[in-house]
Amino acid sequence: MIKLDNFSSFFVANWKLNGNFKFIDQFISKISLPKDSSKCVVICPTSIYLDYISKNKMGFYLGAQNVSQHKDGAFTGEISADSLDDINVDFCIVGHSERRQFFFEKNEEINHKSENLIKNNIVPIICIGETLEDKKKGITNDILEEQLKKSIPISSNFENSIIAYEPVWAIGTGLTPTNDEINDTHSFIREHNAKFNKFKIIYGGSVKANNVNEITSLLNVDGALIGGASLKSDEFTKIIQD
Ligand code: 13P
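Parameters at a glance
- Residues numbered from 1 in each chain as written.
- Predicted model: local features only at pLDDT ≥ 70, side-chain atom pairs only at ≥ 80, totals over all residues.
- Heavy atoms only, no water.
- Buried < 20%, exposed > 50% of the residue type's maximum accessible area, 1.4 Å probe, protein only.
- Helix = DSSP H or I, 4+ residues; strand = E, 2+ residues; numbered from the N terminus.
- Pairing = 2+ DSSP bridges.
- Right-handed = clockwise from strand over helix to strand, strands pointing away.
- Near = heavy atom within 4 Å.
- Polar contact = N/O pair within 3.5 Å; in protein donor to acceptor, adjacent residues only side chain to side chain.
- Areas by Shrake-Rupley, 256 points an atom, 1.4 Å probe, with all protein chains shown as cover.
- Contact = heavy atoms within 4.5 Å.
- Phe/Tyr/Trp six-rings, centres within 6.5 Å; stacked < 30°, edge-to-face > 60°.

Q: Could you give an account of the pairing of strand S6 (residues 162-165), naming the residues involved and the relevant values?
A: Sheet faces and side chains relate simply in a regular strand, where the side chains alternate between the two faces. Because side chains alternate across S6, one face comprises the buried residues Ile162 and Ala164, and the other comprises Ile163 and Tyr165, equally buried. The sheet contact formed by strand S5 (residues 123-128) and S6 spans four bridges and is parallel. Looking at S6, one finds that Cys127 is bridged to Ala164. Looking at chain direction, S6 and strand S7 (residues 200-204) are connected through four bridges and run parallel. Bridging across to S7, Ile162 finds its partner in Lys200. Handedness of the S6-helix H8 (residues 179-191)-S7 crossover: right-handed.

In C-alpha cells:
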C-alpha cells in the first residue's frame, strides 16, 4: 500500500464516465507533473481503461471509481478489489454522491467496499457530503456524522484510508462553500471522533485552477478531488502545479 504519510497533499482526478484511448494518450502526453514529490497525483478513469493507464503511467498514481462490495462469486458485472489489485490500482473512490444518488449505494455497502479495498492494500477514498436540502435544514454535521459512523470500516485508519468531503450541491455547479465553511467542516470531521484526527481529508466540489490554492492551503484540507476541471490537461496541470 502507498505510504500516505509520505505526501503533504493529494490531487485526485475523477474522470467519471468520460475518456477514451485517444483522450488518455493526449492527456498523459500533455500534463506536466509537479516537481514537488510530496504532492500525490491520482488519476481515476473508468474501469475499462485502468489496465491501460497502469501500463502507461508515469509519475502519477492510479485510482478506480468504484469496486464491488463482494469478494467474488455470482455478481454479474461487478469488479472486485482483488482484480483491481491485480492490475496495480493504488486508490479507489467509494461512496461518491453520484453512486449514492443514482445507484442507491448505502453507507453499509460503502463500508464493505472500503474494507475489501484495505484488505487488498488499495486506499479507499471514502466520500461523504450533505445535499442542499440537508444544508438548508442545518443538519450538515448530523449527516456527515452518520456517514462517517456507518461508511468507514473499523479497519480504516489514517495510514490506509482517505476521507473526501464533497458537498453534493457543490459538485459540477460552480458553487463552493466559503473557505471558512470548508475548513470548519474538515475540522468537524477530524475532531468529532479521535479516530479521524490524523486522517488525510480532501475537499471536492467545483475545484478549479483559480480556487485550488486557497482551498488546499486551508489548515484542515489535505488536497482536492476534482471532477470537470480534471478533464482538461492544461487546467489540471495548473491545479497540480500551483
Ligand atoms: P466537479 O469538480 O466537477 O464539481 O466534481 C467534483 C466531483 O464530484 C469529484 O469527485
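After that view of the structure, there is still more to cover.
Q: Tell me what's going on with the site of the ligand, and back it up with residues and numbers.
A: Residues in close proximity to the ligand total 13 residues, the closest being Lys16, His96, Gly172, Ser206 and Gly228. Measuring from an oxygen atom of the ligand, one finds a side-chain N or O atom of Asn14 at 3.0 Å. One of the side-chain N or O atoms of Glu166 is found 2.9 Å from an oxygen atom in the ligand. Contact with the protein chains hides 97% of the accessible area of the ligand, taken as 310 Å² for the molecule alone.

Q: Describe the side chain of Lys200, naming the residues involved and giving the relevant values.
A: With respect to the helices, strands and loops of the structure, Lys200 is situated in strand S7. Within the structure, Lys200 has its side chain in polar contact with the backbone oxygen of Phe7 (distance 3.2 Å). The residues touching Lys200, leaving out its near neighbours within four places in the chain, are Leu4, Asp5, Phe7, Phe10, Ile162, Ile163 and Asp222.

Q: Kindly report on the packing of aromatic side chains, identifying the contributing residues and their values.
A: All told, the structure shown has 12 aromatic pairs when counted by the stated rule. Judged by centre distance (4.8 Å) and plane angle (80 degrees), the rings of Phe21 and Tyr52 are edge-to-face. With Phe21 in helix H1 (residues 21-30) and Tyr52 in helix H2 (residues 50-56), this pair connects stretches of sequence that are 31 residues apart. Considering the side-chain rings of Phe196 and Phe199, the 5.2 Å spacing of their centres and the 80 degrees angle between planes classify their relative orientation as edge-to-face. Looking at Phe196, the relative accessible area reads 3%, which means it is buried. Residue classification places Phe199 among the buried residues on the basis of a relative accessible area of 1%.

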